[in-house]
Amino acid sequence: MTLELVVDEELQLKEFRPEDAAAIFNLIDRNRAHLSQHGDDTAQKYPTETVVYESIVHPKNPQRKRFGMWSEDTLVGSINLTLEGHSAEIGYYLGSEFQGKKYMTRSVRRIVSYGFDELGLKRIYAKVHVQNMASRAVLMAAGFSFITLKGESAIYVQNRNITTT
Ligand SMILES: CC(C)(COP(=O)(O)OP(=O)(O)OC[C@H]1O[C@@H](n2cnc3c(N)ncnc32)[C@H](O)[C@@H]1OP(=O)(O)O)[C@@H](O)C(=O)NCCC(=O)NCCS
């Protein structure tokens, strides 16, 4: 069964399925320059639809939980968590034509609550190119805190809120 996380009435996150390979490839292929503008290697990793399909059926890192972001039947982007014990790294991208609608901020909030509440994570972090101001704004809006700079990367972290009753 495919894991689905409802973000809101407009957006759903669905764990990658083999039948999504064409939609994922088309989204990446239309957005190669957009995805690579800050040195990210997503576009380079997926030169063909077959490579995308193989990455779903035989993932190189099974600890990376990858979701498609769906608005009805349209794939608008992708978001993932790479699990490392009680921590996870978050990563994501949107098709350029779907920017400016807060899709990513809303999806980051949803996957963070999934990570904390359903996976029992204690810490989620992100590494973002220091000049990627849109991504940095997404993280701040979704509750992350800026921690430090490491080379060209800005590191953001969100810790699970422990509430005592
Ligand atoms: C990063 C990305 C997901 C942001 O998408 P988006 O649709 O702009 O996201 P949202 O609408 O949820 O929010 C973007 C925020 O950044 C701000 N923003 C957008 N472009 C900006 C820019 N060039 N400079 C400064 N802020 C910017 C917006 O005003 C908004 O801030 P607000 O919530 O305070 O109003 C999208 O640009 C993307 O996919 N980029 C390519 C891949 C990528 O960089 N992935 C992240 C790798 S770490």
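Quick note: structure is the one above.
The structure presented is a predicted model; accordingly, all values stated were derived computationally and were not measured.

Enquirer: I tried to follow the overall build of the protein on my own but got confused; where do I start?
Expert: Summing up its helical and strand segments, the protein has 6 helices and 8 strands in all. N-terminal to C-terminal, the α/β element order of the protein is β-β-α-α-α-α-β-β-β-α-β-α-β-β. In terms of overall dimensions, the protein is globule-like: its C-alpha atoms have a radius of gyration of 15 Å, near the 15 Å expected for 165 residues. A burial count over the protein gives 29% of its 165 residues as buried. Of all intrachain contacts in the protein linking residues separated by at least 6 positions in sequence, the fraction that spans at least 24 positions is 55%.

Enquirer: I tried to follow the environment of I56 on my own but got confused; where do I start?
Expert: Relative to the assigned elements, I56 resides in helix α4 (residues 49-57). Sequence separation of I56 and A21 is 35 residues, and the distance between their C-alpha atoms is 7.8 Å. Each residue touching I56, except ones within four places of it in the same chain, is listed here: F16, P18 and A21.

Enquirer: So what exactly am I meant to see when it comes to the sheet that holds strand β6 (residues 123-129) here?
Expert: Backbone-to-backbone hydrogen bonds join strands into a sheet, with any given pair of strands oriented parallel or antiparallel. Spatially, the 8 strands line up as an open sheet ordered β1-β2-β3-β4-β5-β6-β8-β7, and their pairing is mixed. The strands lining the two open edges of the sheet, one partner per strand, are β1 (4-6) and β7 (145-150). Averaged over neighbouring strand pairs, the angle between their axes works out to 25 degrees when direction is ignored. Strand direction decides the pairing type here: strand β2 (residues 12-15) and strand β3 (residues 64-71), joined by 4 bridges, are antiparallel. Considered in β3, the bridge of L13 is made with M69. Docked against the sheet, helix α5 (residues 103-118) engages β1, β2, β3, β4 (74-84), β5 (87-94), β6 and β8 (153-159), running at close to 35 degrees with respect to β4. Its contacts with the sheet put helix α6 (residues 133-141) on β6 and β8, and the angle it makes with β6 is roughly 160 degrees.

Enquirer: Mind showing me how you'd approach the packing of helix α1 (residues 21-30) against α4 here?
Expert: The axes of two packed helices give the description: the angle between them and the distance between them. Two elements in contact, α1 and α4, have axes whose closest approach is 9 Å; the angle formed by their N-to-C orientations is 125 degrees. Viewed along their axes, α1 and α4 adopt a mutual orientation that is oblique. In the crossing of α1 with α4, the sense of the turn from one axis to the other is right-handed. Of the residues in α4, those in contact with A21, A22, I24 and F25 of α1 are E49, V52, Y53 and I56. Partitioned by chemical class, the residues of the contact of α1 with α4 number 7 nonpolar, no polar and 1 charged.

Enquirer: I'm lost on the site of the ligand in this one. Help?
Expert: Among the 22 residues in the neighbourhood of the ligand, the closest are listed as Q99, T105, M133, A134 and A137. Sorting the residues of the shell around the ligand by element identifies α2 (32-36), β5, α5 and α6 as the ones contributing at least two each. Considering only residue class, the shell around the ligand consists of 12 nonpolar, 7 polar and 3 charged.

Enquirer: Where do I start with the nonpolar core in this structure?
Expert: Side chains that are nonpolar tend, in soluble globular proteins, to be buried together. Residues M69, I79, I90, V108, I111 and L139 are the most contacted members of the largest nonpolar core, which totals 35 residues. Secondary-structure elements contributing two or more residues to this core are α1, β3, β4, β5, α5, β6, α6 and β8. Those residues in contact with I90 that sit more than four places away from it in its chain are L81, V108, I111, I124 and A126.

The rules we used
- Residues numbered from 1 in each chain as written.
- Predicted model: local features only at pLDDT ≥ 70, side-chain atom pairs only at ≥ 80, totals over all residues.
- Helix = DSSP H or I, 4+ residues; strand = E, 2+ residues; numbered from the N terminus.
- Rg over C-alpha atoms; globule rule 2.2 N^0.38 Å.
- Buried ≥ 20, exposed ≤ 12 C-beta atoms within 10 Å, placed from the backbone.
- Contact = placed C-beta atoms within 7 Å.
- Pairing = 2+ DSSP bridges.
- Axes fitted to C-alpha atoms, helices over the stretch in contact; angles between N-to-C directions.
- Parallel < 35°, antiparallel > 145°, perpendicular 65-115°, else oblique.
- Left-handed = near helix turned anticlockwise from the far one by under 90°.
- Nonpolar A, V, L, I, M, F, W, Y, C, P; charged D, E, K, R; others polar.
- Near = placed C-beta within 6 Å.
- Core = buried A, V, L, I, M, F, W, Y, C linked by C-beta atoms within 7 Å.

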